[in-house]
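Structural overview
The primary structure of each chain is shown beneath.
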Amino acid sequence: MADSSASITIRRPDDWHLHLRDGAVMQGVLPFTARQFARAIVMPNLSPPIVRVVDALAYRGRIVAALPEGVELTPLMTAYLTDHSDADELAAGFADGVFTAAKLYPAHATTGSAHGVTDIRAIYPVLERMQAIGMPLLVHGEVTQPDIDIFDREAVFIERILRPLLSDLPGLKLVFEHITTAEAVAFVDGAGANVAATITPQHLHINRNAMLVGGIRPHAYCLPVAKREKHRLALRKAATSGSDRYFLGTDSAPHAVSAKESACGCAGIFNAPFALESYAAVFEEEGALDRLEGFASEHGPRFYGLPLNPGTITLERSDHDVPAVIDANGTPIVPFHAGETLRWRLR
Ligand code: NCD
Ligand code: ZN
């Protein structure tokens, strides 16, 4: 990494957790990711979800076709696990390089999870095969039982699901996605090298007050929901620690303004437009700008067993204002940090 007070140059990064959507909106949001990242793990929670190899191939084709002329991004596709997932289909897709990983959504945990897994034991044969072939399992780690408080759902998931799962399948390659709690950090720190976690910009910047103080603020609402300040501090420590078990995954999740500003607003924060700038602010505040490159560009590929990207990107110190709303090819979407001033800007 080259570092002067005015700019930082790092190896080109990747986004290990991204919602691109489909159709016109996808076309609108895609360039924001492509200007920063070389590759992105594309989430499969479309309606209907990406379950089969043919679905992923077609979706990948639509993404590549939607890239503007001269703009590059390699989409890494994921399979959406359901109670009926077929181990042979997943293994074939993984062997052919169509599926990079498979995503576990507990049924009804979040946006687009209605077809998710109702009981993890139902898919044990699939998970056993994934362990055997080294296919990563990406986990939305929240229980869905109505008696569990929404702020406790990640911590309870660790005890009820993750610990038993890794005790039964100790070699399973697992990414605990978008972690939000000190409990998740402790779990990842205590697990083997086959367990890693992604951390979003929003969970490094905001705690639950951002959603609830001074009025209800739907644009700060995502799942897993932001927690107390002590959890945010634990996440900042983990992300900037230099540990290769933590890497960048934005969970950028665009929803139209009208879907967010509603009596029942959707979960999801659209952070793609200034994701790197947002992470850079955190690393700078933590005195860890020298560790941004590992988190953004090295730990992810090493975990996935993929090559590091050639090429670099440069962030310059330059104040700029984040717009109140972004037009994603006809759909207005409020970006993360709307109305704020960011200190770093991608050259
Ligand atoms: C995501 C979405 O909108 O697809 N929403 C979110 O709040 N993060 C789904 C998810 O990753 O939970
Ligand atoms: Zn997500």
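Right, let's talk about the packing of helix H5 (residues 153–168) against helix H6 (residues 182–190) for a bit. For any two helices packed against each other, one specifies the crossing angle of their axes together with the interaxial distance. In the contact formed by H5 and H6, the axes pass within 9 Å of each other and the chain directions differ by 20°. Considering the angle they form, H5 stands roughly parallel to H6. For the crossing formed where H5 meets H6, the hand is right-handed. Contacts between H5 and H6 pair Glu154, Ala155, Ile158, Leu162, Arg163 and Leu166 from the former with Glu183, Ala184 and Phe187 from the latter. Among the residues forming the contact of H5 with H6, the class breakdown is six nonpolar, no polar and three charged.

On to the site of ligand 1. Within the structure, ligand 1 sits among 15 residues, and Arg21, Asn45, Thr110, Leu223 and Asp251 are positioned closest to it. Arg21 places a side-chain nitrogen or oxygen 2.8 Å from an oxygen atom of ligand 1. Taking Asn45, its side chain carries an N or O atom lying 2.8 Å from an oxygen atom of ligand 1. Considered on its own, ligand 1 offers 310 Å² of accessible surface; in the complex 100% of this is hidden by protein. Its residues assigned to classes, the shell around ligand 1 shows four nonpolar, nine polar and two charged.

Applying the stated criterion across every chain yields a total of 14 salt bridges. Members of the salt-bridge network, linked through shared partners, are Arg236, Glu284, Glu285, Glu286, Arg317 and Arg343.

Turning our eyes to something else, we now look at the coordination of the zinc ion (ligand 2). Donor atoms from the polypeptide that coordinate the zinc ion (ligand 2) comprise His17 (NE2), His19 (NE2) and Asp251 (OD), at 2.0 to 2.1 Å from the metal. Relative to the metal, the four donor atoms surrounding the zinc ion (ligand 2) lie at angles of 91 to 146°, and the coordination shape comes out irregular. If you list the donors of the zinc ion (ligand 2) from N- to C-terminus, the spacing comes out as H-x1-H-x231-D. In this pair, the class of His17 matches that of His19, namely buried.

Procedures and definitions
- Residues numbered from 1 in each chain as written.
- Chains lettered and ligands numbered in written order.
- Predicted model: local features only at pLDDT ≥ 70, side-chain atom pairs only at ≥ 80, totals over all residues.
- Heavy atoms only, no water.
- Axes fitted to C-alpha atoms, helices over the stretch in contact; angles between N-to-C directions.
- Helix = DSSP H or I, 4+ residues; strand = E, 2+ residues; numbered from the N terminus.
- Parallel < 35°, antiparallel > 145°, perpendicular 65-115°, else oblique.
- Left-handed = near helix turned anticlockwise from the far one by under 90°.
- Contact = heavy atoms within 4.5 Å.
- Nonpolar A, V, L, I, M, F, W, Y, C, P; charged D, E, K, R; others polar.
- Near = heavy atom within 4 Å.
- Polar contact = N/O pair within 3.5 Å; in protein donor to acceptor, adjacent residues only side chain to side chain.
- Areas by Shrake-Rupley, 256 points an atom, 1.4 Å probe, with all protein chains shown as cover.
- Salt bridge = Lys/Arg side-chain N within 4 Å of Asp/Glu carboxyl O.
- Donors = N, O, S within 2.8 Å, 3.2 Å for Na, K, Ca; no water.
- Tetrahedral: all angles 85-135°; square planar, octahedral: opposite > 155°, others 65-115°.
- Buried < 20%, exposed > 50% of the residue type's maximum accessible area, 1.4 Å probe, protein only.

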